[in-house]
Amino acid sequence: MSTSDVTRQGLRGVRPGREARPGRPARRRGRRGEQAMVPPAEFTSYYGKPVINSPVWHSPDIPGYFFLGGLAGASSLLGAGAQASGRPDLARAAKAGALGAISLSMAGLTHDLGRPARFLNMLRVIKATSPMSVGSWILAGYVPAAGVAAASALTGRASRLGAAATAAAALLGPALATYTAVLISDTAVPAWHDGYREMPFVFAGSAAAAAGGLGLLAAPAGRNAPARNLALLGAAAEAAAFERMTRRMGMVAEPYHAGRAGAYVRASQVLALLGGAGALLGRRNRTVAALSGAALLGASAAIRWGGFHAGLASAADPKYTVVPQRERRDSSRPAVAEAN
Amino acid sequence: MADPAAASGYHDPPPRMGFFTDTSVCIGCKACEVACKEWNAVPDDGLAFTGMSYDNTVGLGADTWRHVAFIEQRRPVPAGADRDGKEGEAEDGLRWLMASDVCKHCTNAACLDVCPTGALFRTEFGTVVVQEDICNGCGYCIPACPYGVIDQRKGDGRAWKCTLCYDRLGAGMTPACAQACPTESIQFGPLDELRQRAAARLDQLHGEGAAEARLYGEDPGDGVGGDGAFFLLLDEPEVYGLPPDPVVTTRDLPSMWRHAAAAATGLMAAAAAAFAAEWLGRRG
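Note that the structure is predicted; figures quoted are calculated from it, not measured.

Asker: I would appreciate a short explanation of the overall build of chain A in the present structure.
Answerer: Of the regular secondary structure elements, chain A holds ten helices and two strands. Shown N-terminal to C-terminal, the secondary structure of chain A runs as helices and strands in the order β-β-α-α-α-α-α-α-α-α-α-α. When each of the 340 residues of chain A is scored for burial, the buried share is 54%. Across chain A, the fraction of contacts at a sequence separation of at least 24, relative to all contacts at a separation of at least 6, is 74%.

Asker: So what exactly am I meant to see when it comes to the overall build of chain B here?
Answerer: A tally of regular secondary structure across chain B gives eight helices and ten strands. Expected size for 284 residues packed as a compact globule is a radius of gyration near 19 Å; at 24 Å, chain B overshoots this value by more than 25%. Counting only C-alpha atoms and orienting by the principal axes, one finds that chain B spans roughly 95 × 50 × 40 Å. Scored against the burial criterion, the 284 residues of chain B give a buried share of 54%.

Asker: How do you make sense of the confidence of the model for chain A when you look at a structure like this?
Answerer: Detail in the predicted coordinates should be disregarded across regions flagged by low pLDDT. Residues and elements named next belong to chain A. Mean pLDDT over chain A stands at 91; residues scoring 70 or higher make up 89%. Counting interchain partners and residues more than four positions distant, the pLDDT-below-50 stretch residues 24–34 has 14 contacts. A low-confidence stretch, residues 335–340 (pLDDT under 50), is modelled with nine contacts involving residues beyond four sequence positions or located in other chains.

Asker: Whenever I open this one, the interface of chain B and chain A confuses me. Can you help?
Answerer: When the parts of a complex come together, some accessible area is lost, and that lost area is often taken as the interface size. Each partner contributes residues to the interface: chain B has 75 residues there, and chain A has 84 residues. At 17 residues, the largest contribution of residues to the side of chain B that touches chain A is made by helix α8 (residues 253–283) of chain B. Broken down by class, the residue content of the side of chain B that touches chain A amounts to 41 nonpolar, 20 polar and 14 charged.

Asker: Hey, could you run me through helix α1 (residues 61–84) of chain A in this one?
Answerer: The α-helix advances 3.6 residues per turn, and as a result positions three or four apart in sequence lie on the same side. All names here are of chain A. Between the first and last C-alpha of α1 there are 34 Å, a value that for 24 residues agrees with the 34 Å anticipated at 1.5 Å per step. Of all 24 residues in α1, 22 are buried; the element is thus mostly enclosed. Looking one or two places after α1, you find G86, whose phi comes out positive at around 70°.

Asker: What's the story with the environment of R286(A) in this structure? I'm lost.
Answerer: Residues and elements named next belong to chain A. Tracing the backbone through its elements, the reader meets R286 in helix α9 (residues 286–316). Classification of R286 by C-beta neighbours within 10 Å gives partly exposed; the count is 14. Discounting chain neighbours no more than four positions away, the residues touching R286 are P220 and A221.

Asker: It is not clear to me how the sheet that holds strand β9 (residues 214–216) of chain B should be interpreted in this structure. Could you clarify?
Answerer: What holds strands together in a sheet is hydrogen bonding between their backbones, with the strands either parallel or antiparallel. Residue and element names in this part refer to chain B. Spatial strand order, β8-β1-β10-β9: four strands in an open sheet with mixed pairing. For this open sheet the edge positions go to β8 (186–190) and β9, each flanked by a neighbour on one side alone. Adjacent strand axes in the sheet meet at a mean angle of 20° when their direction is disregarded. Pairing of β9 with strand β10 (residues 229–233) involves three bridges; the strand directions are antiparallel. Across the sheet, residue R214 finds its bridge partner in β10, namely L233. Together, β1 (17–22), β8, β9 and β10 form the strand contacts of helix α7 (residues 191–207), whose direction differs from that of β8 by roughly 135°.

Asker: Just checking my understanding: could you explain the nonpolar core for this structure?
Answerer: As a rule of thumb, soluble globular proteins bury nonpolar side chains together. Ranked by size, the top nonpolar core spans 194 residues in total, and within it A208(A), C111(B), C141(B), C145(B) and L267(B) carry the most contacts. The element that contributes the greatest number of residues to this core is α9(A), accounting for 14 residues. Summarising the domain contributions, this core has at least three residues from each of domain 1 (4–247) and domain 2 (249–284) of chain B. Once residues lying within four places of it in the same chain are set aside, the contact partners of C145(B) are I52(A), N53(A), A188(A), A110(B), C111(B) and I150(B).

Reading the values: rules and limits
The residue numbers shown here count from 1 along each chain, following its written sequence. Note on labels: chains are lettered from A, ligands numbered from 1, in written order. Where local features are concerned, this predicted model is filtered to residues with pLDDT of at least 70; where side-chain atom pairs are given and counted, the filter is 80 or more; whole-chain, interface and lining totals use all residues. Counting from the N terminus, the helices are DSSP H or I runs at least four residues long and the strands are E runs at least two residues long. Exposed residues have 12 or fewer other C-beta atoms within 10 Å of their own C-beta, buried residues have 20 or more, and residues in between are partly exposed; the C-beta atoms are placed from the backbone. Throughout, a residue-residue contact means that the two C-beta atoms, derived from backbone geometry, are no farther apart than 7 Å. The size measure is the radius of gyration over C-alpha atoms, and the globule rule it meets is 2.2 Å times the number of residues to the 0.38 power. As a per-residue measure, pLDDT reflects the predictor's confidence and takes values from 0 up to 100. As a working rule, the residues Ala, Val, Leu, Ile, Met, Phe, Trp, Tyr, Cys and Pro are called nonpolar, Asp, Glu, Lys and Arg charged, and the rest polar, with Gly in that last group. Helix span, as expected, comes to 1.5 Å for every residue beyond the first. One bridge is not enough; two strands pair if DSSP finds at least two bridges between them. To obtain each axis, a line is fitted to C-alpha atoms, and for helices this fit is confined to the stretch in contact; angles are then taken between N-to-C directions over 0 to 180 degrees. A set of buried residues drawn from Ala, Val, Leu, Ile, Met, Phe, Trp, Tyr and Cys, joined through C-beta atoms within 7 Å, is what defines a nonpolar core. Each domain span listed reflects an automatic or database assignment of domains.

Listed below in structure tokens is the structure:
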């Protein structure tokens, strides 16, 4: 390949190799040849291709887990409260709901792994830098506790062990319901990461609304007041946190209002309004309470799917990665001298 | 800057090794892509014509550990600057940028931070490698990477990416892509040495009038603590499909945990309030 020759005068025709000049004029004629090469501060990308790789997590496994994990965690709190305040029917419903939800979750989580047979590798290490590792250990404690609590409540046996398990599940439940917010925020996905301040409150509120909704669905009218209160508090907190999050995120919040994600978010808001109003006004009517509970469960699920798809949409469009980063870079380094 | 290998617990590690990819001498031959695939036995991931200039590889992923980007730009060539030295009017010229992209082997690597199984680890050379016998395909590293490097292999389920030829490094050899590069656009060596070389090259190019030349990922003060594989670019990073100001997502993780702890406490308080309100309502 080489075109150089060895002569008595030394090497001739040597290619410049790594010293080569780029495809620009070799000669400079004073300042005249200099062009302002600073591109306009508009959005450019590589053929519109995304900068980051999209999550490979699937629906319904992962948004379903966020919903069911929240439902389970908050239901464990509701179950413990119901037991402590002498409402065995609400306690049974909440504990059974928690166990059912977390069992389905575990199936979904395992199914979503690329190598399901290696599920237990999750417990190979403990890493605080990995929310998924932390979550695995939360689940490792929570799942047996929720199982024993539900089994004891449903069979009426081993009430002391059941009480201890109920307490343990109630302590781990809030962690289970909120760590998933850290899990998705701790990524480079713009619509997830940029909401990290409010996301745990959205998740906690959504979890409370779901658990309250399940309580409304399962408990007899007139004995569902704590469930109703929790559902209303949760729905209100979720709505407030979501509003605050999307306002603060600016253009990165666009995916929450567009396309499939936007449809889920709107459905969630409508269901939450209906469920909230029904829970508030129809408290004496068993059917209205149950329908309200179902609507609140649906609202909680829909916001999880909405958030999941908003993240996917923000990862797929390079705009949401490039524009905020350009703004950040250009504002932190004013007058970026392209030349040096 | 803390050496990432030493920070990971290696005693007296060898110098941190990396790549300096000087895109100004890349000729788009894709020898790096081929050498990488051959050496690492990376499977075929389909052949398709994309219409993206000469780029039919599209981007980095589980089965593409080196990716050559091709960018065709029409931009004015300054007057009086044609190759024959003839004076003339400014005219539209075609500028063809080529760049071989690769895993950045970040100083603060998000993929490694978030991996729940410990499959991703820091080598003694300061590089970041997946252990394929540990990875369970949870997929967390994929959206964590701010550069879109690592991905899940279809039909395999595990996450794969550039190893900076860990096997070759261990034997004192040059990684396959750098070995195959005919123009030394891909330069391999101790990172300190590469940084000096890159600074000298940048000075040379600025001296030649290539004012738009800039280094990317060489700054230990950037959002990922500097890249083990950095670049000399002739345009903005996003033109090459690179993020302009990547930040390791785990930088904000302590704050995330604090917010989650507050939310979890709030959830407990809400549950307590739900029962207390009912109790008060009954009494009042």
